[in-house]
Amino acid sequence: MHRTLAFTRYLSEQGWAVTLLTTSLSAYADWHPQQADYIPKRVKVLRAWAWDAVRQLSFRGKYLSWMALPDRWQSWIPFAVIRGWWAIRRERIPVVISTYPIASAHIIGYLLHKLTGVAWIADLRDPMAQDCFPKDARLKRVFYWIESKMVKHCQRILVTTQGTLALYRERYPEKPASFWQLIPNGYDEVLIDPLMADDARTHAVSSYFTLLHSGTINTYDRHPGHLFEAIAQLQTEKNPAIARLKVVLRGTGMDAYWQEQIRRLKITDTVEVQPLLPVKQALLEMKQASALLILQDVSCNYQIPAKTYEYIRLKRPIFALTDEKGDTAALLNLVGGSVVVPLTDTSAIKQALLALLSPNSVFRFLSDDELKQYSRGHQGETLSALLMRVISE
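Reading the values: rules and limits
Residues numbered from 1 in each chain as written. Predicted model: local features only at pLDDT ≥ 70, side-chain atom pairs only at ≥ 80, totals over all residues. Heavy atoms only, no water. Helix = DSSP H or I, 4+ residues; strand = E, 2+ residues; numbered from the N terminus. Rg over C-alpha atoms; globule rule 2.2 N^0.38 Å. Buried < 20%, exposed > 50% of the residue type's maximum accessible area, 1.4 Å probe, protein only. Contact = heavy atoms within 4.5 Å. Areas by Shrake-Rupley, 256 points an atom, 1.4 Å probe, with all protein chains shown as cover. Lys, Arg positive; Asp, Glu negative; His and termini not counted. Charge placed at Lys NZ, Arg CZ, Asp CG, Glu CD. Core = buried A, V, L, I, M, F, W, Y, C linked by side-chain atoms within 4.5 Å. Arc of directions from axis to C-beta. Axes fitted to C-alpha atoms, helices over the stretch in contact; angles between N-to-C directions. Parallel < 35°, antiparallel > 145°, perpendicular 65-115°, else oblique. Left-handed = near helix turned anticlockwise from the far one by under 90°. Pairing = 2+ DSSP bridges. Right-handed = clockwise from strand over helix to strand, strands pointing away. Phe/Tyr/Trp six-rings, centres within 6.5 Å; stacked < 30°, edge-to-face > 60°.

**With respect to the overall build of the protein chain**
Reasoning step 1: Scanning the protein chain from N- to C-terminus turns up 16 helices and 12 strands.
Reasoning step 2: Computed over C-alpha atoms, the radius of gyration of the protein chain comes to 22 Å, within 12% of the 21 Å expected from 2.2 N^0.38 for 393 residues, which places it in the range of a compact globule.
Reasoning step 3: Going through the 393 residues of the protein chain one by one, you find that 51% of them count as buried.
Reasoning step 4: Contacts spanning at least 24 positions in sequence make up 74% of the contacts within the protein chain whose residues lie at least 6 apart.
Reasoning step 5: Only carbon and sulfur atoms are counted for the fraction: they give 55% of the accessible area of the protein chain, which is about 19,100 Å².
Reasoning step 6: A distance of 6 Å separates the average location of the 47 positive side-chain charges in the protein chain from that of its 37 negative side-chain charges.

Listed below in structure tokens is the structure:
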């Protein structure tokens, strides 16, 4: 959401008339009225009816499997196509951008392209279908079908990492190199730069060393089980360093599940789960943390979590549990200020935690000028230039 929201702001500031097609508020499991303040005044928002199959269309927790293909919000496809078709005809919109990871958005982009003939750009971001993802064979077939429509009908496809770029160039060698465009994720300077300008106000004093993970944590590619085990071992060994550590998991999306895992390992004194925060409060908490946590399995080597760029801009040490051969590790090794350890290596995590907690640990960060290349404003300029080329074609 934040990537798309920032792009709408920067495009509107550069003279584009931006219309955003999205869902009704009822489709969101969590939202706060404060979030609406971040929508640029010059951006027109169109909402199409949508329902979450898991929350709103299930009976006693069960629902028909086809109702979640290609995702839980597929019910918005017909309503979004109708609203989008009418807006394109009325406002003579020349180009549509659909964005992942809500796969149904790409189906809407495809249908609007077929119905109206407008140019279509797909912001794919990360790979949709891989050998190990998704595990559901039927969903994987749907993802490959969506990919085939994008490759055949899009004017450009946008990706966020070098690994994803290489993957798709190899998968579809018939497409010219210019078809695939690399526009990385980034940080939103409108939200973060004010925090950085008032360092005294945003730096909290605490006797604890707070290691914070801000955002969703799932069980298949962000599982913190080995981190939990490393903490449990340090507690059993009565290592004095662990008494200083406080791990905060903020807005996991699976709070009850992770709380049970934490209780089972008897690490509740060290690890706590906290509810979701509005974005500005979440960024302030990141700024105040002693270090920031990334969780990413080897299956996501072609992806860089969007929060990584926020972490980098906030100039806090980054404790990255990720594969050293992945794109996230490559970025962190380039910018510095981080520790990279495999997500599934308990022993290595344990040693890295002790090094992180050592008073002798020193981290160096990029200057503000060096960081500008990772801003969403910079990426928005790239997107604006791309749109001009697509329309001229």
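**Here's the deal with the side chain of threonine 328**
Reasoning step 1: With respect to the helices, strands and loops of the structure, threonine 328 is situated in helix α13 (residues 327–335).
Reasoning step 2: The residues touching threonine 328, leaving out its near neighbours within four places in the chain, are Ile294, Gln296, Gln303, Ile304, Pro305, Thr308 and Thr322.

**Some thoughts on the nonpolar core**
Reasoning step 1: Judged by nonpolar contacts, the single largest core of 36 residues is most densely connected at Trp76, Met128, Met150, Ile157 and Trp180.
Reasoning step 2: Contributing elements (two or more residues each) for this core: α3 (76–91), α4 (104–116), β4 (119–125), α5 (137–153), β5 (156–159) and α6 (162–171).
Reasoning step 3: Grouped together as the second largest cluster of nonpolar side chains are 32 residues, Ile217, Ile267, Phe319 and Ile349 included.

**What to know about helix α7 (residues 189–197)**
Reasoning step 1: Within α7, burial applies to Glu189, Leu191, Ile192, Leu195 and Met196. Along the axis of α7, the buried residues cluster in a sector spanning 160°; they form a single face.

**Let's talk about the packing of α3 against α4**
Reasoning step 1: Orientation of α3 relative to α4, taken along the N-to-C sense of each, is 40°, at an axis distance of 9 Å. With respect to each other, α3 and α4 are oriented oblique. α4 is crossed by α3, and the crossing has right-handed handedness. Contacts between α3 and α4 involve Trp76, Ile77, Ala80, Val81, Gly84, Trp85 and Ile88 on the former and, on the latter, Ser104, Ala105, Ile107, Ile108, Leu111, Leu112, Leu115 and Thr116.

**A closer look at the pairing of strand β12 (residues 338–341)**
If a strand is regular, its side chains alternate between the two faces of the sheet.
Reasoning step 1: Pairing of strand β11 (residues 318–321) with β12, which is carried by 4 bridges, proceeds in the parallel orientation. Bridged to phenylalanine 319 within β12 is valine 339.
Reasoning step 2: Regarding topology, α13 serves as the crossover connection from β11 to the parallel β12, and that connection is right-handed.

**Details of the sheet that holds strand β3 (residues 95–99)**
Reasoning step 1: The sheet built from 4 strands is open, its strands ordered β3-β4-β5-β6 with parallel pairing. The sheet is open, and its two edges are formed by β3 and β6 (180–182), each paired on a single side. For this sheet, the mean inter-axis angle between neighbouring strands, taken without regard to orientation, is 25°.
Reasoning step 2: Summarising the sheet, β3 and β4 pair through 5 bridges and their orientation is parallel.

**Some words on the packing of aromatic side chains**
Reasoning step 1: Using the criterion set out here, one finds 14 aromatic pairs in the structure.
Reasoning step 2: Aromatic side chains tryptophan 51 and phenylalanine 79 sit 5.8 Å apart centroid to centroid with 70° between the ring planes, which places their arrangement in the edge-to-face category. Of this pair, tryptophan 51 sits in the loop between β2 (44–48) and α2 (53–56) while phenylalanine 79 sits in helix α3, and the two are 28 residues apart along the sequence.
Reasoning step 3: Take tryptophan 51: its relative accessible area is 30%, and that puts it in the partly exposed class.
Reasoning step 4: Each ring, one from tyrosine 168 and one from tyrosine 172, has its centre 6.3 Å from the other, and the planes form 5°; the classification is stacked.
Reasoning step 5: Owing to a relative accessible area of 1%, tyrosine 168 belongs among the buried residues under this scheme.

**Considering the sheet that holds β12**
Reasoning step 1: Within the open sheet, the 6 strands sit side by side as β9-β8-β7-β10-β11-β12. Their pairing is parallel. Where the open sheet ends on each side, the last strands, each with one partner, are β9 (271–274) and β12. Adjacent strand axes in the sheet meet at a mean angle of 20°, parallel and antiparallel pairs treated alike.
Reasoning step 2: Along the sheet, helix α11 (residues 279–288) makes contact with β7 (209–214), β8 (245–250) and β10 (291–295), crossing β7 at roughly 145°.
Reasoning step 3: Strands in contact with α13 are β10, β11 and β12; relative to β12, the strand with the most contacts, it is inclined by about 150°.

Worth remembering: the numbers are spatial, not functional.
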